[in-house]
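Geometric and topological summary
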Amino acid sequence: MTAERTPQAEPSLLARPLGWLTRLVLRYPIPTIALAVGAAVIALAISGARLGFRTSRLDLLSSDCSYNRLWIQYIEEFGDEDDVVIVVEGAGREQVVPVLEEISTALGHQDRLFHAVLHEVDLSKIRAKGLHYVESDRLLKIEQFLEEVEPIVGGDWARLRVGNMVAGTCARLQSGDAHQAEAAREELDRLSGSLVAEVGDHGRYQSPWSAMPSAVATLSELSSKYLLTNEGRLGFVLLRLAQTGQDSFARGSEAIDALRGLIAGIQDENSDRYPELKIGLTGLPVMENDEMRTSQVSMMEASVLSLVGVACLFVAGFGGVRHPLMTVASLLLAMAWSFGYITIAVGHLNILSIAFGVVLIGLGIDFGVHYVARYLQLHATIRSSEACLVQTAQGVGPGILTGAVTTSIAFFAAGLTEFTGVAELGVITGGGILLCLLAALTVLPAMIHLSDQRRSHQMLPVPLDVHGWLSPLFRRPAVLLGATLAVTLVVSGGMSRLWYDHNLLNLQPEGLESVELEKKLLNESNESVWFALSIAESPDDLRDRKARFEQLPSVERVRSIAEFFPIDNRHKRPVIEHLHARLVGLPEAPATVPVDRAADLGLILGQAQALLATGEQTTQVQRIGWQLEQVRRALRVMPETECFRRLSDYQQQIAGDLLNRLHTLRAMANPEPPKLTDLPEGLVTRFVSKNHRYLLKIYAEGDIWDMDAMEKFVREVRSVDPEATGNPLQTYEASRQMKRSYEQAAWYALAAILAVLYIDFRSLRPMLLAMTPVGLGMLQLFGLLGLLNIPLNPANMIVLPLILGIGIDDGVHVVHDFRRQKGRYRMSNSTAGAVLITSLTTMVGFGSLMIASHRGLQSLGRVLTLGVSCCLFTSLVMLPALLTWLRRNATETDEEQPADERERSQAGGITPGKIYRRDSAHPPGTGTHTLPKVGVHQEHIWRDR
């Protein structure tokens, strides 16, 4: 067989420097550990004094983003406080309103925790200025009406006698003025219809006066307006949480706990009176607080479970406790250094980068696992711990270094993206991984050397024989490779079903009150705490923009304070002053109106009929004639006393009706124009900024969480106001930017990783082989996610770089193991064991999140567990099968010497064919007598006892 057919071991360029570094550390182990501990103490002290926490979602976004600048501008105008919403559900208004009042009163006694409480809009001051909201032409008609009735209220109540009223309209019909004639026909139509209702069998009163203007009618009936919907079955109390200065990472916990206690008390007090009553709590501050608290509890439970699971795996994998403890100790030191690095490099943690610790534990422990696994296997025959550690550093050190650097680059690449949360997480985690690498290559060998150098007579732990379990699979590598590729091809077909879930509500724990109430409000009443925001510069701009928004198909409604700003107020004020002067001297009650005789009234009605018959016979004229005839017939058959009683009562009702209308107008005729101070402060602060700019809240039609509907809503809202902002727009843009950032980071990382791998391997083929586990693993992962209907979302996307790092790390170690050997490839037990243990510890650590109540953490645990499982399968099965197949034509001689034996011989350890004394004066490695060559498993008896 030629040299080209038999690959030779190609030592990495990194092997010699790593060996030199290890010798330096082993020469000064105690100073190395002391320096590491001192650095950890200093780092923790610095971070304790200067490291900050940013708990707002706003901190995840770059201030340079156009959409985020708009949000910041909104906050500068209106503040960053969102409403907490208390939802009261009952059988109807009569149940809901008293409870709203009770809650509002109770909240008023706790102003330390709550402010801007709003459950009703007090319209008493606005009602006194109601005529300012009437159109100018209607005001002129009111003024004309007052001129007509002025003699009546001045004392001439006889004008309200029915005969006089009919005669007056007939006179205007004959005036020759078309406008007056039209108005007279309208009056006669109403009067005749009213008389028909009065003289009918039931004798009901129907007002002959024209309807009040809509604005007057509406305001006259209201002194306050409660926040009700769903026909009064749902009521709301809006409030904002005060900043107490005692909040934890979950903002507003003290106030929200107090609020829930208050609600529970009121619910219990009213349970007997209103069995159907339900009181709940929602709003963005509450949902965010619930999310933080449930995720913290879930993380704590998962951490305890993962700690137990990882500890069991370490003990089972390494066959002891001492070396796993040293591995964990070096990792803890690296994490302590990381806090100092974070403080200097970034200065704070946010709600996304707080997860860096979990990521470092998942990845950083892998370096120590590979190191210890190789060390224990070599130490079975290399008796000197110093020589064994140097050989370990030269053997697996390049793979550890390459894996760490490529994983770090994968995270650092995220720092080049626009999404601040992802960028900061990338910078923090990338630096932390390098610090974990430093600890694994310096502190860990120093601790191992101090621990093992004086233990020559004690049995070292025996790692799991992972290769022994897997070796039957590789007897026919071509069949194994073909079968696994076929499975991968089938599974990857599920990628067509993979989708991205933008709905943040789907990340919350199931059954969470605040989330369920938000869904209920959205589905049953079209109420939601999610709406777009637009800022207008003036009341005129406000009204115009509101009208344009309401024309959009995707907009369900618009809320603003526009209806409280009257139009053309400067021209109205003189008219209202004149009306106010006319209404000053109104009497409290009408005088008695004289009554016509039935026969006289009948004659007058007959004259009106005759007059109408001479004109054009429109539908209205015919109706009036018919109504007048019905009244005349009723008067003829009605007893005189009954006729007098009915006409007297009817005329007094007309007089009282007129006087009530005039009193209503007087109560709304304050000439002073409406001001913002006439409205409740809780309403004004929500819609008017400190700089007197005006806010519109635009609610979407349909499901705002459907991405297509949200995209349409955002596009149409921006067509009216390109500078619109709000939670739906923020979520839409941030979700897209976050997804885009991960995609950009993946491409950046891939380019950098390929460069690092090429520097390490100095050849294209091993570089591509090292990328095989992560490439095939990602195909399998995305296919499985599609087949299992597990969507990607903002929570589980964070683990994709982690899976990328694990897959690359595994591939690098397997390929380095391949290149250390000659002849047919046989994966060393140390490499197989290390890959298995690192993958299992990561799967146990993150897989425990699948029991979390927080659905975002559940999905994170599922995706990472599936991803690491795929990378483990490709690293331990597919890639070794491919490497074995590539050397399928190696000579038998090459196959007889596994890599572990060669390395032991090269390191000066036990050599097959030699015999060694068992006494301490002649430790293994110093004897000179020979025995026949023994098998590998026989050699393992020469261990420290």
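Data block above holds the structure.
Below is a summary of the structure that appears in this document. (Residues numbered from 1 in each chain as written. Predicted model: local features only at pLDDT ≥ 70, side-chain atom pairs only at ≥ 80, totals over all residues. Heavy atoms only, no water.)

1. Points about the pattern of salt bridges
To be explicit about the condition: The salt bridge definition used is simple: a Lys or Arg side-chain nitrogen within 4 Å of an Asp or Glu carboxyl oxygen. The helix count covers DSSP runs of H or I at least four residues long, the strand count covers runs of E at least two residues long, and both are numbered beginning at the N terminus. Buried, partly exposed and exposed residues are distinguished by accessible area as a fraction of the type maximum, computed with a 1.4 Å probe on protein chains only: under 20%, between the cut-offs, and over 50%, respectively.
This model, assessed by the stated rule, comprises 35 salt bridges. For Glu537, the salt bridge is made with Arg693, and the minimal N-O distance between the two is 2.5 Å. A residue pair is termed long-range when its members are at least 10 positions apart, and Glu537 in the loop between strand E10 (532–536) and helix H20 (539–550) and Arg693 in the loop between helix H25 (681–687) and strand E12 (694–700) qualify at 156 residues. Note on Glu537: relative accessible area 47%, which makes it partly exposed. Under the relative-accessibility criterion, Arg693 is labelled partly exposed at 22%. Notably, a salt bridge pairs Arg573 with Glu672, separated by 3.7 Å at the nearest N-O pair. Here Arg573 is found in helix H21 (residues 569–582), whereas its partner Glu672 is found in the loop between helix H24 (640–667) and H25, with 99 residues between them in sequence. Residue Arg573 is classed as partly exposed on the basis of its relative accessible area of 32%. Each member of the salt-bridge network shares a partner with another, and the members are Arg573, Glu577, Glu672 and Lys675.

2. Structural notes on a negative patch on the surface
Test applied: Two distance rules govern patches: like charges are joined within 9 Å, and nonpolar side chains (Val, Leu, Ile, Met, Phe, Trp, Tyr) within 5 Å, applied only to residues with over 30% relative accessible area and no salt bridge. Only the protein chains shown count as cover for residues, with accessible areas throughout obtained via the Shrake-Rupley method and a probe of 1.4 Å. All tallies of charge rest on Lys and Arg as positive and Asp and Glu as negative; His and the ends of each chain are not included. Note that the charge is assigned to NZ on lysines, CZ on arginines, CG on aspartates and CD on glutamates.
Taken together, the side chains of Asp703, Asp706, Asp708 and Glu711 present a region of like negative charge at the surface. With respect to the element layout, Glu711 can be found in helix H26 (residues 707–720).

3. A look at the packing of aromatic side chains
Here is the rule: Each Phe, Tyr or Trp ring (for Trp, its six-membered ring) is paired with any other whose centre lies within 6.5 Å, and the angle between the two planes then decides the class: stacked below 30 degrees, edge-to-face above 60, tilted in between. Ring-over charges, as used throughout, are those where CZ of Arg or NZ of Lys falls within 6 Å of the ring centre and within 35 degrees of the ring normal.
Following the criterion strictly, the structure yields six aromatic pairs and no others. Between Trp71 and Tyr74, the ring centres sit 5.2 Å apart and the planes meet at 40°, which makes this aromatic pair tilted. With Trp71 and Tyr74 both in helix H3 (residues 66–78), this residue pair falls three residues apart, about one helical turn. Both residues of the pair, Trp71 and Tyr74, belong to the buried class. Considering the side-chain rings of Tyr205 and Tyr650, the 6.1 Å spacing of their centres and the 55° angle between planes classify their relative orientation as tilted. Note that Tyr205 is positioned in the loop between helix H8 (178–199) and helix H9 (214–220) and Tyr650 in helix H24, a separation of 445 residues in sequence. Look at Tyr650 and you get buried, because its relative accessible area is 0%. In this structure an aromatic cluster arises from ring pairing among Trp71, Tyr74 and Phe78. Just above the ring of Phe687 sits the side chain of Lys697; from NZ or CZ to the centre is 5.0 Å. Stacked on the ring of Trp885, the Lys or Arg Arg888 has its end atom at 4.0 Å from the ring centre.

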